[in-house]
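Letter by letter, the chains look like this.
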Amino acid sequence: MNPENFRIPQFFKRNVQPIKTTMKMKNVIITSFILALVLSSCADKNQAPTAPPPPVLPVLAITSANTTTDAEYPAAIQGTVDVEIRPQVSGNLERVYVDEGSYVSKGQTLFKINERPFREQLNNALASLHAAEAALINANLEVDKLTPLVQNKVVSDYQLKTAKASQKIAAANIEQAKAMVGSAKINLGYTNVTAPVSGYIGRLPKKQGSLVSASDVEALTTLSDVHEVFAYFSLGETDFINFKAQYAGSSLGDKIKKLPPVTLILADNNAYPQTGKIDMVDGQFDKTTGAITIRATFPNANGTLRSGNTGRIRLGLNHDDAILVPQAATVEMQDKVFVFTVGKDNKVTKMPITVVGKSGTNYLIKEGVKTGDQIVLSGIDKLQDGQAIQPEKSTKVAQVTNQK
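Residues numbered from 1 in each chain as written. Predicted model: local features only at pLDDT ≥ 70, side-chain atom pairs only at ≥ 80, totals over all residues. Heavy atoms only, no water.

A. Up close: the overall build of the protein chain. Looking only at helices and strands, the protein chain features 6 helices and 19 strands. Looking at the 404 residues of the protein chain, the share that counts as buried comes to 31%. A separation threshold of at least 6 residues defines the contact pool for the protein chain, and within that pool the share at least 24 residues apart is 74%. Total accessible area computed for the protein chain in this model is approximately 25,800 Å², and 54% of it derives from carbon and sulfur atoms. (Helix = DSSP H or I, 4+ residues; strand = E, 2+ residues; numbered from the N terminus. Buried < 20%, exposed > 50% of the residue type's maximum accessible area, 1.4 Å probe, protein only. Contact = heavy atoms within 4.5 Å. Areas by Shrake-Rupley, 256 points an atom, 1.4 Å probe, with all protein chains shown as cover.)

Quick look at the structure:
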């Protein structure tokens with residue numbers, strides 16, 4: 001075929017030009033995009049980085065208020081009567097009428113010691129008494145016989161005086177015999193060991209058949225009257241001075257009458273359901289510990305508390321115009337407590353504070369901040385000393401902080 005005679009169809013002539021134009025446009029777009037990226041990268045390298053804005057943190061203005069702080073002191077609990085039951089006579093323990101932990105009433109028999117030797121002693125004393133009484137009768141008869149004879153001067157006055165002396169000796173022997181009878185009865189009674197008060201029985205180290213004696217080191221058992229219990233705790237000299245200063249009264253007795261009820265915290269950290277009353281302060285400080293003992297009395301009608309229990313006495317101390325700081329606004333480092341105060345330029349300062357107590361979720365502050373100071377309320381874990389913040393003050397924050 002002659003190439004000169006070859007003709008392109010009209011269909012291809014119409015579509016070749018648009019294809020070429022489209023390719024050119026795509027190349028221009030891609031080139032422009034790459035150029036923009038390069039220019040942007042150069043601009044970022046030449047432009048300085050923008051500093052982040054200061055963090056927005058809630059700020060609280062410190063105010064003073066009347067509040068109460070709680071202080072807890074270890075306490076030892078005892079019954080109003082805690083007695084050791086000991087034998088008064090020696091012998092075999094014949095019967096044990098109670099079990100460990102049982103409740104007994106006053107006068108109830110607890111133990112029985114073999115009484116036979118003591119009953120024989122009583123019988124012997126009674127026999128001696130009867131013999132002394134018979135001797136007195138003979139002495140009286142002798143005096144009665146000699147009295148008219150002396151009056152008629154049949155016998156000498158010396159014989160009558162001797163008879164009267166024998167009469168007095170016989171009377172004295174009767175008194176001695178009666179005392180021996182009484183002593184024997186007492187010893188016989190000691191073989192029956194009874195409860196001196198109502199209460200709960202402790203352990204029973206001596207079992208039936210054991211030989212017991214009044215000189216034994218170990219008691220038969222212990223008996224505790226716990227219808228009320230005493231909780232003993234101690235205050236140091238400084239705490240005691242502050243404690244007394246809280247209440248009016250010219251004497252310590254007057255102050256005790258005005259003391260509010262106290263709470264007993266049990267070993268499981270729960271509060272005993274009934275409050276107690278402080279009714280005794282020891283007369284002197286312990287020279288060894290430098291503390292003074294105080295006693296609080298708690299009702300215990302249900303027998304929940306027993307002698308030997310431990311716990312903590314919680315005392316409430318009133319504070320007027322106290323400065324309170326939420327615990328959440330503090331940070332502890334190396335046994336010190338800090339807050340972040342906010343200055344006029346909105347820069348924070350790490351300030352150490354002195355905590356003297358706790359009221360609810362707030363710390364009671366003695367030194368470090370004062371009324372009117374601004375402190376950062378939360379978000380303090382990432383703050384640095386001297387850092388600027390944007391304070392956020394809201395009524396909601398203040399209301400949450402003031403709750404106890």
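B. Focus on the sheet that holds strand E6 (residues 192-194). Here 4 strands make up an open sheet; going across it, the order is E6-E5-E3-E8 and the pairing antiparallel. Of all strands in the sheet, those with a lone pairing partner are E6 and strand E8 (211-212), marking the two edges. Pairing between strand E3 (residues 91-96) and E8: 2 bridges, direction antiparallel. What sits directly across from Asn92, in E8, is Leu211. (Pairing = 2+ DSSP bridges.)

C. Main features of the pattern of salt bridges. Applying the stated criterion across every chain, the model contains 10 salt bridges. Linking Glu84 and Arg86 is a salt bridge whose minimum nitrogen-to-oxygen distance equals 3.1 Å. What makes Arg86 partly exposed here is its relative accessible area of 28%. A salt bridge links Lys370 to Asp373; the nearest nitrogen and oxygen atoms lie 3.4 Å apart. Classification of Lys370 by relative accessible area gives exposed; the value is 53%. (Salt bridge = Lys/Arg side-chain N within 4 Å of Asp/Glu carboxyl O.)

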